[in-house]
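In case you want the letters, here they are:
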Amino acid sequence: MTVLGIETSCDETSAAVVRDGREVLSCVVHTQPEHRRWGGVVPELASRCHAERLPGIVRAAVEESGVGWSGIDTIAATRGPGLASSLLVGWSMAKGVALRTGLPLVAVNHIEAHLHSVFLDPAAPPPEACRPMVGLAVSGGHTSLFFVRAGGGLEPLGRTVDDAAGEALDKAAKLLGLGYPGGPVIDRVARGLVPQEGVFPEGRLHGGAAPAGLDPELCTSFSGLKTALLHRVTSSPPRSEAEVARLACDYQAAVVGALVRRCGLALERTGARFLAVGGGVSLNSSLRARLAAMCETRGVRLLLALPKHCGDNAAMIAGLAGTGRGVRSPESFDLDVDPSWAVSSR
Ligand code: KG4
Ligand code: ZN
């Protein structure tokens, strides 16, 4: 199956062609630079930029794939979760292309696709051989932990109850005057420093504070951490680059520590032997190192996406559709975008 995938859930405009779920024939990603001056993604701006760029990006992806329109047999796009107005651009275009070409249309869940991104690495084992597994999707928009059943259905285990991990890093970078997006800068300035444990509190949930059906111990909360940094910066402002780097490092350690501990607990509770981690924050060097150490101790195989597939991209959308997941036509044609679309347990 050769799938043309489209992704426009946030501020990346992307199209890709992927064969049989894993072989990336082309993947064009455009990160909209327009949001930088605002220090965060502006939804109206994002949808306008998607509308302007997407047709050319789809054309480029088909051209670069080398198979041409005649070699494509399925159209797939992100239906949610994400920004409503952004999703609408990609989903409408996918519907239009599917109608025009007479090809089947698949609605893909963005979070599930982040977990599939690890399988776009040719060195990864086949997805069927890695299930049941635990999956963590961690980016600027989401921090969600899942149990992926042998048959491929997803069971939510935990998620953040406030900020996503990437958002927590982005906000910290802003407070520290490091710019946007903050994750990569914090990663860079913290490199080489040894974090002091416990300087910043790891947000924990107690009792009934977790969303219904989720384990409080597998949920995260990053808003307290951000407030702790705010207090710290206002009461004793860092006086040098070195002090900023030290704060960034300790803050990053709290975020990474929270994620690694949740993953470890989820592996323990489910007995899974595989852990897949995808999303923009999975680029973080400290997170990668600490996950690798934790998995080695447990004898668990860690699956990480190639750096080019960690952020939002359409290859993960086309890839996941190519494995048979998602909602297919004719049902898909009746669907509108869903900004908070939950993953499917089937
Ligand atoms: O997956 P992504 O491109 O878009 C969303 O769906 O949000 O993720 C973007 C997020 C941003 O919050 C960014 O700061 C974070 O990923 N990020 C990082 C790193 N590179 C990007 N966070 C930590 N360390 C990095 N190296
Ligand atoms: Zn994403």
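What you are looking at is a predicted structure, and each value in this text was computed from that prediction instead of being measured.

Student: Help me understand the sheet that holds strand S5 (residues 105-109) in this model?
Tutor: On the basis of which strands lie adjacent, the open sheet formed by 6 strands has the order S3-S2-S1-S4-S5-S11 and mixed pairing. At either end of the open sheet lies a strand with only one pairing partner, and these are strand S3 (23-31) and strand S11 (327-328). In this sheet, S5 lies alongside strand S4 (residues 74-80) in parallel orientation, the contact comprising 5 bridges. Across the sheet, residue Thr78 finds its bridge partner in S5, namely Val108. With respect to the sheet, helix H9 (residues 315-322) is in contact with strand S1 (2-7), strand S2 (12-19), S3, S4, S5 and S11, its orientation differing from that of S1 by roughly 135°.

Student: How should I be thinking about the nonpolar core in this particular structure?
Tutor: Most often, soluble globular proteins keep nonpolar side chains buried together rather than apart. In this structure, Tyr251, Leu275 and Leu291 are the most contacted members of the largest nonpolar core, which totals 43 residues. Going through the elements one at a time, strand S6 (133-138), strand S7 (143-148), helix H4 (165-175), helix H6 (223-235), helix H7 (241-270), strand S9 (274-278) and helix H8 (285-298) are the ones with two or more residues in this core. Looking at this core element by element, the count peaks at 14 residues for H7. For Tyr251, the contacting residues outside a window of four places in its chain are Ala168, Leu169, Ala172, Phe200, Leu225, Lys226 and Leu229. Residues Leu4, Leu54, Ile75 and Trp341 belong to the second largest nonpolar core, which totals 25 residues.

Student: Help me understand the domain arrangement of the protein chain, please; the structure alone is not making it clear to me.
Tutor: Size of an interface, as often reported, equals the accessible area lost when the parts are brought together. When its domains are assigned, the protein chain resolves into domain 1 (2-115 + 310-334) and domain 2 (129-304). A straight line from the C-alpha centre of domain 1 to that of domain 2 covers 27 Å. On the domain 2 side, the residues contacting the 14 residues of domain 1 number 20 residues. Summing both partners gives a buried area of about 1300 Å² for domain 1 against domain 2, and 68% of it is carried by carbon and sulfur. For domain 1, the biggest contributors to the area lost against domain 2 are Ile111, Leu115 and Cys310; these three give 48% of the whole. On the surface where domain 1 and domain 2 come into contact, there are 0 salt bridges. Among the residues forming the side of domain 1 that touches domain 2, the class breakdown is 5 nonpolar, 5 polar and 4 charged.

Rules of the game
- Throughout, residues of each chain are indexed from 1 in the direction in which the sequence is written.
- Chain labels run from A onward and ligand labels from 1 onward, assigned in the order the entries are written.
- For a predicted model such as this one, the threshold for reporting local features is a pLDDT of at least 70, and the threshold for listing and counting side-chain atom pairs is 80 or more; totals across whole chains, interfaces and linings nevertheless cover every residue.
- Neither water nor hydrogens contribute to the side-chain values; these are computed over all heavy atoms in the structure.
- Here, any two strands with at least 2 DSSP bridges between them count as paired.
- Each helix is a run of H or I in the DSSP string that is no shorter than four residues. Each strand is a run of E no shorter than two, and both are numbered from the N terminus.
- Note on definitions: a residue-residue contact is assigned when non-hydrogen atoms from the two residues lie within 4.5 Å.
- Between N-to-C directions, angles cover 0 to 180 degrees, with each direction set by a line fitted to C-alpha atoms, over the stretch in contact for helices.
- Only buried residues count toward a nonpolar core. Its members are Ala, Val, Leu, Ile, Met, Phe, Trp, Tyr and Cys residues joined through side-chain atoms within 4.5 Å.
- Partly exposed describes any residue whose relative accessible area lies between the buried limit of under 20% and the exposed limit of over 50%, with all areas from a 1.4 Å probe on protein chains only and scaled to the type maximum.
- Domain segmentation is taken from an automatic or database assignment of domains.
- Take the accessible area each of two parts loses on contact, using a 1.4 Å probe, and add the two losses: that sum is the buried area.
- Whenever a carboxyl oxygen of Asp or Glu lies within 4 Å of a side-chain nitrogen of Lys or Arg, that contact is scored as a salt bridge.
- Under the scheme applied, nonpolar residues are Ala, Val, Leu, Ile, Met, Phe, Trp, Tyr, Cys and Pro; charged residues are Asp, Glu, Lys and Arg; polar residues are all the others, including Gly.

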